[in-house]
Amino acid sequence: MPDSPERTLDRVGAVAGGVAVILLMALIQLFPSAPAADESIATIADVTASRSQTLLIEAYIGALSAGALLVFGAAVAARLRRAGSVWWMVAIVGMTASVPLSLVGWLMSIVFVRAVGHGVSGDALWTAYGGDVAGFLQAVPYAVFMLGAGLGIRATGALPRWTGVIAFVAAALFVVGAASVVGREVDGAPFIFPLMLAYLAITLWTAAVSVAMWRRAGQDLSLAGVPVPAEAV
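Residues numbered from 1 in each chain as written. Predicted model: local features only at pLDDT ≥ 70, side-chain atom pairs only at ≥ 80, totals over all residues. Heavy atoms only, no water.

A.B. asks: Run through the pattern of salt bridges, naming residues and quoting values.
C.D. replies: What the rule picks out here adds up to two salt bridges. Between Asp 10 and Arg 79 there is a salt bridge, with the nearest N and O atoms lying 2.8 Å from each other. Residue Asp 10 is found in helix α1 (residues 5–30), and its partner Arg 79 is found in helix α3 (residues 52–82); the two are separated by 69 residues along the sequence. Comparing Asp 10 with Arg 79 shows no difference in burial state: the two are buried. Its relative accessible area of 0% is what places Asp 10 among the buried residues. Each of the salt bridges in this network shares a partner with another, and the network as a whole consists of Asp 10, Arg 79 and Arg 82. (Salt bridge = Lys/Arg side-chain N within 4 Å of Asp/Glu carboxyl O. Helix = DSSP H or I, 4+ residues; strand = E, 2+ residues; numbered from the N terminus. Buried < 20%, exposed > 50% of the residue type's maximum accessible area, 1.4 Å probe, protein only.)

A.B. asks: Report on the packing of α3 against helix α4 (residues 88–117), specifying residues and quantitative values.
C.D. replies: Where α3 contacts α4, the axes come no closer than 9 Å and their chain directions differ by 175°. One finds that α3 runs roughly antiparallel with respect to α4. By residue class, the composition of the contact of α3 with α4 is 18 nonpolar, six polar and three charged. (Axes fitted to C-alpha atoms, helices over the stretch in contact; angles between N-to-C directions. Parallel < 35°, antiparallel > 145°, perpendicular 65-115°, else oblique. Nonpolar A, V, L, I, M, F, W, Y, C, P; charged D, E, K, R; others polar.)

A.B. asks: Which residues make up the environment of Thr 203, and what values go with them?
C.D. replies: Relative to the helices and strands, Thr 203 resides in helix α7 (residues 192–215). For Thr 203, a relative accessible area of 13% translates into the label buried. Along the chain, Thr 203 and Gly 18 lie 185 residues apart, while their C-alpha atoms are 9.6 Å from each other. In this structure Thr 203 touches Val 21, Leu 24 and Met 25, once residues within four positions along its chain are discounted. (Contact = heavy atoms within 4.5 Å.)

A.B. asks: If you had to explain the packing of α1 against α3 to someone new, which residues and values would you point to?
C.D. replies: Where α1 contacts α3, the axes come no closer than 8 Å and their chain directions differ by 145°. Here the hand of the crossing between α1 and α3 comes out left-handed. For the contact of α1 with α3, a count of residues per class yields 16 nonpolar, four polar and five charged. (Left-handed = near helix turned anticlockwise from the far one by under 90°.)

What follows is the structure, encoded as structure tokens:
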């Protein structure tokens, strides 16, 4: 018998989540971070020129990871909806909002590389320099997604309930970490530390939820919306 659409969606979402985690780990492990804003623009431009091809490949992989996360987020939201939770709307809005902001961050990186490659120099380059702006831009949308997912999981049990707890923690860390933009240090300290923990949490959460969705693909969630006693949560 052919797979049901729900089973297929769960499995596609699980694969997309796994791909997103692999690509995110590749971005962290294989690619150098952007030059810090406490360097002179001339130094940043020189480093960018020497890494231009690598930075463009990084932007491509970043765009792919954003697409994979969008598919994963849609599958999670669809699962919550099938379970009868209204929180799927909050989850899908948060994930949908995060992707354009991620692409904006990668676009700024591409623009900066192209500007340096075309010989632009001096203070004019600051207008195209984004540094690690994508991490800040996505923080609040990710918090919205994790809040919606956490509340939906808690209400329905559509996914393991411990993943709902992690989602709440990650949402709070993203909200606090977003304040890194006002940090006194160039790297956003001290608020950069909650932001780093938030990204670690959502990466591990994505991997765990992907495994759970694969194992529970096509599960009948028709009774998942039945209220659960507080002591059972």
